[in-house]
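What follows is the residue order along each chain.
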Amino acid sequence: MTTITTQGLRVTYGEVVALDDISLTVEPGLTVLVGVNGSGKSSLLGAISGSVRPSAGTVMVDGQPASQARARGAVAYVPQLDVIDRDFPVTVHTVVEMGRYASRASRVEDRAAIAQAIDRVGLSGLERRQIGELSGGQRRRVLLARALAQQAEVLILDEPDAGIDSGARQTFYALLRSFIDEGRTVLMATHDLASVPDLADHAVVLHQRVIASGKPRDVLTPEVLAQAFGMKP
Ligand SMILES: Nc1ncnc2c1ncn2[C@@H]1O[C@H](COP(=O)(O)OP(=O)(O)O)[C@@H](O)[C@H]1O
Ligand SMILES: [Mg+2]
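Basis of the calculations
All chains use their own residue numbering, which begins from 1 and follows the written sequence. As a convention, the first chain written is A and the first ligand written is 1, with the rest following in written order. With pLDDT at 70 or above as the cut-off, local features in this predicted model cover only qualifying residues; side-chain atom pairs require 80 or more to be listed or tallied, and sums for whole chains, interfaces and linings still use all residues. Processing note: side-chain calculations cover all non-hydrogen atoms of the structure and skip hydrogens and water entirely. Under the DSSP-based scheme used, a helix requires at least four consecutive residues in state H or I and a strand at least two consecutive residues in state E, with every element numbered from the N terminus. A helix is expected to span 1.5 Å multiplied by its residue count minus one. In this scheme, a residue with accessible area under 20% of its type's maximum is buried, one over 50% is exposed, and one in between is partly exposed, where area comes from a 1.4 Å probe on protein chains only. Throughout, a contact is declared for two residues whenever any of their heavy atoms are within 4.5 Å. Strands are labelled as partners when DSSP assigns at least two bridges between them. All axes are obtained by fitting lines to C-alpha atoms, using only the stretch in contact for helices, and the reported angles, taken between N-to-C directions, cover 0 to 180 degrees. Here a polar contact means two N or O atoms within 3.5 Å. Within protein one must be a hydrogen donor candidate and the other an acceptor candidate, and residues neighboring in sequence count only if both atoms are side-chain atoms. Only N, O and S atoms count as donors, using a 2.8 Å cut-off from the metal and 3.2 Å for Na, K and Ca, and because water is excluded some sites may appear unfinished. Note on definitions. A residue lies near a molecule or strand when any single heavy atom of the residue is within 4 Å of it. Accessibility throughout is a Shrake-Rupley quantity obtained with a 1.4 Å probe, and a residue counts as covered only by protein chains that appear here. Under the scheme applied, nonpolar residues are Ala, Val, Leu, Ile, Met, Phe, Trp, Tyr, Cys and Pro; charged residues are Asp, Glu, Lys and Arg; polar residues are all the others, including Gly.

Draft legend 1. Expanded view of helix α5 (residues 136-149). The end-to-end C-alpha distance of α5, which contains 14 residues, comes to 20 Å, matching closely the 20 Å that a straight helix rising 1.5 Å per residue would cover. G137, R139, R140, R141, V142, L143, L144, A145, R146, A147, L148 and A149 are the residues of α5 that are buried. Lining the buried residues of α5 we find β6 (75-78), α3 (92-97), α4 (107-120), β7 (154-158) and α6 (166-180). Among the residues trailing α5, Q151 stands out with phi positive, at a value near 55°.

Below, the structure written as structure tokens:
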């Protein structure tokens, strides 16, 4: 069981302060990260998964510097869908295979892990398909399969539920739940506030700083939502 801890984390882009003084503990189970556009969700996920360099603070995974945990393949990252180019000529199999880049297992084990991950997300038979030929829901499942193939303890997902219909979203959530039930630690940014109370074990409301953190029903109060989203309490 793996815990992520950030201490005094700060992320800036030039003059823009995206995140300031983020001290957070992410426990095993599903933690959702909510906040308006520009509140720093992707910056936080990037700082944990290594694509964004913090200007101050630390990220620890299982008591170890996150860089070490990442080097042993313990952290899998599913980026926002808009970062994959639909026209890039790459097959389902090739994308999922990327999940094994840090692997030191044998080729036989690698192949088995890839096949198992593709099967688990329900894409068996589509291995040779170009990702550009898939639906949005299927492409998200390809990215999830890549993360599953990595057999990481920690899964970081950036709005995997955006822009797919509710059927595809429910399929995705069910897959995620089975993964969590195996004892993984999952941190996911989402816009789907309505699903959070049923879906998540913990919620974090972000707006450059942590506005609230705890059990979804305790955290997503009218007052907090007013502060984070400008909604009327
Ligand atoms: N690469 C970047 N260069 C400059 N500013 C950025 C960059 N990425 C994010 N930002 C800014 O940092 C802030 C937080 O962005 P982001 O982490 O993407 O938030 P969210 O994912 O919640 O929409 C925003 O003000 C955004 O404009
Ligand atoms: Mg974002």
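Draft legend 2. Summary view of the sheet that holds strand β2 (residues 16-26). In space, the four strands of this open sheet follow the order β2-β1-β4-β5, with antiparallel pairing throughout. Two strands lie at the open edges of the sheet, namely β2 and β5 (64-65), each paired on one side alone. Here strand β1 (residues 4-13) pairs with β2 via seven bridges, running antiparallel. Among the inter-strand pairings, T12 is bridged to a residue of β2, identified as V17. Against the sheet, helix α1 (residues 41-49) contacts β1, β2 and β4 (56-61), and its axis sits at roughly 120° relative to β1.

Draft legend 3. Looking closely at the environment of T5. Mapped onto the elements, T5 comes out in strand β1. A residue is classified by how much of its surface remains accessible, and T5, at 27% relative accessible area, is partly exposed. Here the alpha-carbon distance between T5 and E27, two residues 22 residues apart in the chain, equals 8.8 Å. Here T5 is in contact with L24, T25, T58, V59 and M60, once residues within four sequence places are set aside.

Draft legend 4. Just unusual backbone geometry, in detail. Phi angles above zero are rare outside glycine, and D62 is one such case at about 55°. The residue D62 is located in the loop between β4 and β5 in this model.

Draft legend 5. Molecular detail of the side chain of T6. With respect to the helices and strands, the residue T6 is situated in strand β1. A distance of 2.8 Å separates a polar atom in the side chain of T6 from the backbone oxygen of I22. Non-local contacts of T6, meaning those with residues more than four positions away in its chain, are made with I22, S23, L24, I48, T58 and V59.

Draft legend 6. Highlighting the coordination of the magnesium ion (ligand 2). Taken together, S42 (OG) and Q80 (OE1) make up the protein donors of the magnesium ion (ligand 2), found 2.1 to 2.7 Å from the metal. Of this pair, S42 sits in helix α1 while Q80 sits in the loop between β6 and α3; the two residues are 38 residues apart in sequence, bridging distant segments of the chain.

Draft legend 7. Up close: the site of ligand 1. In the region of ligand 1, the neighbouring residues are Y13, V16, A18, V36, N37, G38, S39, G40, K41, S42 and S43. Within the contact set of ligand 1, an oxygen atom lies 2.8 Å away from a side-chain nitrogen or oxygen of K41. Separating an oxygen atom of ligand 1 from a backbone N or O atom of S42 is a distance of 2.8 Å. About the coverage of ligand 1: the protein hides 58% of its 560 Å² of free accessible area. Those elements giving two or more residues to the shell around ligand 1 turn out to be β2 and α1. The biggest single contributor to the shell around ligand 1 is α1, with three residues. Partitioning the shell around ligand 1 into residue classes produces four nonpolar, six polar and one charged.

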